[in-house]
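The primary structure of each chain is shown beneath.
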Amino acid sequence: MAKEKTVYVCSECGGVSPKWQGKCPSCNAWNTLIESAPESTAPTKNRFASLAKTAEVAILGDIDAVDMARTPTGHDELDRVLGGGMVEGGVVLIGGDPGIGKSTLLLQALDSLQRSGQSTLYVTGEESGAQVALRARRLGLDGSQVRVLAEIGLEKILATLEATRPDVAVIDSIQTVYSDQLTSAPGSVAQVRECAAHLTRYAKASGQMDGVTRGRATSIVLVGHVTKEGALAGPRVLEHMVDTVLYFEGDTHSSFRLVRAIKNRFGAVNEIGVFAMTEKGLKGVSNPSAIFLSQHAEPVPGSCVMVTLEGTRPMLVEIQALVDSGGPSPRRLSVGLDKDRLAMLLAVLHRHAGVACMDQDVFVNAVGGVRISEPAADLAVLLSITSSLRGKPLPKGFFAFGEIGLAGEVRPAPRGQERLKEAAKLGFSVALVPKANLPKNLKSKDFEGLTIHAVERVEEAMAVVRDLAY
């Protein structure tokens, strides 16, 4: 019996190779070729023919640019990440570690949408309907009218969507869905790419058929698996197809979760929503700064509060540093901050402020498990290191932000006044900021009770802190 021919498809770029190789010949990625069955070469109708809609050439200036209508999900933090709510005809891809709360949050959102009068559909490929019902009871969603379909066949899912025409549909997850047009297994590169393409095109075309408006277009939410590195599994083209990409972040052992928008065609990117996992599911945290600030009765050495921006939201985060005597090869370790940037800041601290740590172990941590990527945390990192090295705490109610340059200058941070207003609102009283971020109207009610020290150089910042600490 003749052996069935196979090909090897790259999980990164989708390139095809007739034999397995360690490196993909198309994109040069290592260990990404996966065995799959080749597509039939028989002359058949193209399976994407139904997706190709005829359209006439239009002048850009003549096209009506109308704002997309949004439907609130009933969860303020989720609406913030989405840019205000679900967009009609939009496609959202949400990924995260197993057990972090993706299905829980989406089931809660669908129940809220259904109770507000929206038609909803929950398609589960990983659980039975009874398992979904058990979760709903644990979450306190008794009597929920959300329609549930346990199905993994793409053609049956599309037929159900066409028959029921829900306002919002969740596909949990895209890696379990398969199409009869392909012989490869569910979760393979070809299956994920094709199923996502059909579901995306359905969402875009569901509001019209043959040029006739049929009502509200269906919004679709796709749940995606992630690899052990934390990236969304499947081809990268999956993220390009959809309108919004959300990532669940946070430790499964912690009660707090972050949902971050990596891509959003209808809103701001890098926006985050903060949730707390409770017995009744995920609840939004209205004041996330409380999570990222330690509750010290009195100021302690090595601690400095900074104001970071996540999307459009200013948040106060505590930066902690521990400087200890090291051996011949001292360690530099950072959690939640860039390790290479920490090494650069220590060099600037030595050259321009005369504070040497070359024989000390330096450990820096952003409290609460948050990851800070913006350079505005530089000044707070330096101050926390200096505070720990000298054993002197910073003043009570003190915070700082600003970028540090290699020449020792303190560069301004974007939207500095919003950061100052947020800190003043939470009761902080002393600020150390770049001179360019000094507000023009210090007598404004927004800065009432706030003493602001503006500096241009690292050595100036150290002198100000020295005077305040002593």
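About the criteria used
Each chain has its residues counted from 1, following the order in which its sequence is written. Local features in a predicted model are, by the rule used here, given only for residues with pLDDT of at least 70; side-chain atom pairs are given and counted only at 80 or more, and totals for whole chains, interfaces and linings are based on all residues. Hydrogens are left out, water is left out, and the side-chain values use all remaining heavy atoms of the structure. Starting at the N terminus, helices and strands are each numbered in turn, a helix being any DSSP run of H or I of at least four residues and a strand any DSSP run of E of at least two. For the exposure calls, accessible area comes from a 1.4 Å probe over protein chains only, and a residue counts as buried if that area is under 20% of its type's maximum, exposed if over 50%, partly exposed in between. In this analysis, two residues are considered to be in contact whenever any of their non-hydrogen atoms come within 4.5 Å of each other. By this definition, two strands are paired if DSSP reports at least two bridges between them. By definition, disulfides here are pairs of cysteine sulfur atoms that lie within 2.5 Å. Polar contacts here mean pairs of N or O atoms no more than 3.5 Å apart (in protein, one a potential hydrogen donor and the other a potential acceptor; neighbouring residues in sequence count only if both atoms are side-chain atoms). Place the viewer so that the strands point away; then a crossover is right-handed whenever the path from the first strand over the helix to the second strand goes clockwise. To obtain an axis, a line is fitted to C-alpha atoms, over the contacting stretch when the element is a helix, and the angle between two such axes runs from 0 to 180 degrees between their N-to-C directions. Note on angle classes: values under 35 degrees are labelled roughly parallel, values over 145 roughly antiparallel, values of 65 to 115 roughly perpendicular, and the remainder oblique. A clockwise turn of the near helix away from the far one marks a right-handed crossing, whereas an anticlockwise turn of less than a right angle marks a left-handed crossing.

**Student:** What is the right way to look at the environment of Val367 in this model?
**Tutor:** Counting through the fold element by element, Val367 comes out in the loop between strand S20 (360-366) and helix H8 (378-390). On the basis of relative accessible area, Val367 is assigned to the buried category, the value being 10%. Measuring from C-alpha to C-alpha, the distance between Val367 and Pro314 comes to 16 Å, with 53 residues separating the pair along the chain. For Val367, the contacting residues outside a window of four places in its chain are Ile291, Phe292, Ser294, Val317, Glu318 and Gln320.

**Student:** Would you mind going over the sheet that holds strand S1 (residues 7-10) with me for this structure?
**Tutor:** Strand pairing in a sheet relies on backbone hydrogen bonds. The paired strands run either parallel or antiparallel. Strands sit in the order S2-S1-S3 across an open sheet of 3 strands; the sheet is antiparallel. Each end of this open sheet is capped by a strand with a single partner; those strands are strand S2 (16-17) and strand S3 (33-36). In the sheet, S1 pairs with S2 via 2 bridges, with the strands oriented antiparallel. Its bridge partner lying in S2, Tyr8 is registered against Ser17.

**Student:** Even after reading the chapter, I still don't get the state of the cysteines, so can you show me in this structure?
**Tutor:** The bond known as a disulfide is covalent and runs between the sulfur atoms of two cysteines. Under the counting rule described, the total for this entry stands at 0 disulfides. Summary of cysteine pairing: Cys10 is not part of a disulfide, and the nearest cysteine sulfur, belonging to Cys13, is at 3.7 Å. By relative accessible area, which is 0% here, Cys10 ends up buried. The thiol sulfur of Cys357 is not disulfide-bonded, and the nearest other cysteine sulfur, from Cys304, lies at 15 Å. The class of Cys357 is buried, set by a relative accessible area of 5%.

**Student:** Looking at this structure, how should I read the side chain of Glu422?
**Tutor:** With respect to the element layout, Glu422 can be found in helix H9 (residues 416-425). Only 3.3 Å separates the side chain of Glu422 from the side chain of Lys425, close enough to count as a polar contact. Aside from chain neighbours lying at most four places away, what touches Glu422 is Ser289, Pro314 and Leu316.

**Student:** Help me out: how do you make sense of the pairing of strand S7 (residues 120-124) in this one?
**Tutor:** Side-chain positions along a regular strand alternate between the two faces of the sheet. Burial within S7 is extensive, with 5 of its 5 residues counted as buried. Residues of S7 alternate between two faces, with Thr120, Tyr122 and Thr124 on one and Leu121 and Val123 on the opposite face, all of them buried. Sheet topology places S7 next to strand S9 (residues 168-172); 5 bridges connect them, and they run parallel. Bridging from a neighbouring strand, Val123 pairs with Ile171 of S9. In this fold, S7 hands off to helix H3 (residues 129-138), which returns the chain to strand S8 (residues 147-150); that crossover is right-handed.

**Student:** Before we go on, may I ask you to explain the packing of H8 against helix H10 (residues 458-469) in this structure?
**Tutor:** What describes two packed helices is the angle between their axes and the distance between those same axes. One way to put it is that H8 packs onto H10 with a least axis distance of 11 Å and a crossing angle of 50°. By the criterion of interaxial angle, the relationship of H8 to H10 is oblique. In this structure, H8 crosses over H10, and the sense of that crossing is right-handed. Facing Leu379, Leu382, Leu383, Thr386 and Arg390 of H8, the residues of H10 in contact are Val458, Ala461, Met462, Val465 and Arg466.

**Student:** Can you walk me through unusual backbone geometry in this structure?
**Tutor:** As a rule of thumb, non-glycine residues mostly have phi less than zero, and peptide bonds are mostly trans rather than cis. Omega for the bond connecting Asp172 with Ser173 falls within 30 degrees of zero, at 5°, which places this linkage in the cis form. Position of Ser173 among the secondary structure elements: in the loop between S9 and helix H5 (189-205). Of note, the phi angle at Asn31 is positive, near 55°, even though the residue is not glycine.

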